[in-house]
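Here is what each chain is made of, one letter per residue.
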Amino acid sequence: MGDPLHPLQPGDPAPAFALPAANREGSVSLADLRGRPFLIGLFRGLHCPFCRRQVTQLADIQPALRAEGIETVAVINTPVERARMYFRYRPVPLLLLADPACGTHRAFGVPAVEFLPDGSTEPTQWPSRTRMADFEAARVNPTGELPEPMQPMAANAAMNAKDGFEPDETDTAIMASHATQLVGHFLIDGTGTIAWANIEARDGPSSLCYFPDAAQIMAAAGALER
């Protein structure tokens, strides 16, 4: 199992998981997927407009991945009932799983940013811990939809307003518990071993909310041994 300072890397075994599906009946586990390579994206919940877009971006490269014999899975940090309602009206062809507690994120070692107390002299170590001032100083505009780069939480609110997305009580509760959860993508080979990994914002908070380079994903997919 990974940890926030040492997320799982190529060569590590993928951790076991079993999660309810949001766009099919029943649940799906690592054991169900073993035997065929798959790319798994571990996202924040529906409260995050950039993650909603990243799920669509992942769906956009699914046909190319499928041509390589690779399944595509998205794990959403939203309760399954809420996820089913949302994706019923905005369907995507991915296998969607719900993990409101971020247990799968933790198992893969995808960090959740922690803020040091005001006045702390403890050194920062992004992404496991940082100062609120450093986070507030970050500016993002990953999709180019904002008029200018904005502070991440302000960007989140602006994009939700642009979408006409009004978080309900469930979304608000998930955001309160997991707003600083980062996103991770992992390519798993047919034996259940990680072949490629990408963690959001490895360079600092100003690289938050960016989808990994699709060409890099496809290069990793092409390098898998069949």
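Refer to the structure above for everything that follows.
Residues numbered from 1 in each chain as written. Predicted model: local features only at pLDDT ≥ 70, side-chain atom pairs only at ≥ 80, totals over all residues. Heavy atoms only, no water.

## Side note on the packing of aromatic side chains
Inspection of the entire model under this criterion finds four aromatic pairs. Residues tyrosine 86 and phenylalanine 165 carry aromatic rings whose centres are separated by 6.2 Å and whose planes lie at 75° to one another, so their mutual orientation is edge-to-face. Separated by 79 residues along the polypeptide, tyrosine 86 in helix H3 (residues 80-89) and phenylalanine 165 in the loop between helix H6 (152-163) and helix H7 (169-178) bring together distant segments of the chain. Each member of the pair, tyrosine 86 as well as phenylalanine 165, carries the same accessibility label: buried. (Phe/Tyr/Trp six-rings, centres within 6.5 Å; stacked < 30°, edge-to-face > 60°. Helix = DSSP H or I, 4+ residues; strand = E, 2+ residues; numbered from the N terminus. Buried < 20%, exposed > 50% of the residue type's maximum accessible area, 1.4 Å probe, protein only.)

## What to know about the nonpolar core
Formed by 63 residues in total, the largest nonpolar core has its most connected members in Ile40, Phe87, Leu97, Phe108 and Phe186. With seven residues, helix H2 (residues 49-67) is the single largest residue contributor to this core. Contact partners of phenylalanine 186, with chain neighbours within four places excluded, come to Leu8, Phe38, Leu39, Ile40, Leu42, Phe108, Val110, Ile194, Trp196, Ala197 and Ile199. (Core = buried A, V, L, I, M, F, W, Y, C linked by side-chain atoms within 4.5 Å. Contact = heavy atoms within 4.5 Å.)

## Observations regarding the sheet that holds strand S8 (residues 184-188)
The five strands are arranged S5-S4-S3-S8-S9 in an open sheet whose pairing can be described as mixed. Edge strands, defined here as strands with exactly one partner in the open sheet, are strand S5 (95-98) and strand S9 (194-199). Each adjacent strand pair in this sheet contributes to an overall mean axis angle of 15°, direction not counted. H2 contacts strand S3 (38-43), strand S4 (71-76), S5 and S8 of the sheet and is inclined by roughly 170° relative to S4. Against the sheet, helix H8 (residues 214-222) makes contact with S3, S8 and S9, and its axis sits at roughly 170° relative to S9, the strand it touches most. (Pairing = 2+ DSSP bridges. Axes fitted to C-alpha atoms, helices over the stretch in contact; angles between N-to-C directions.)

## Regarding the pairing of S5
On S5, burial covers both faces: Leu95 and Leu97 on one face and Leu96 and Ala98 on the other are all buried. Pairing of S4 with S5, which is carried by four bridges, proceeds in the parallel orientation. Paired with isoleucine 76 across the strands is alanine 98, a residue of S5. Regarding topology, H3 serves as the crossover connection from S4 to the parallel S5, and that connection is right-handed. (Right-handed = clockwise from strand over helix to strand, strands pointing away.)

## Focus on the environment of leucine 94
Along the polypeptide, leucine 94 turns up in the loop between H3 and S5. Classification of leucine 94 as buried rests on a relative accessible area of 2%. In this structure the C-alpha to C-alpha distance between leucine 94 and valine 73, which are 21 residues apart in sequence, comes to 5.8 Å.

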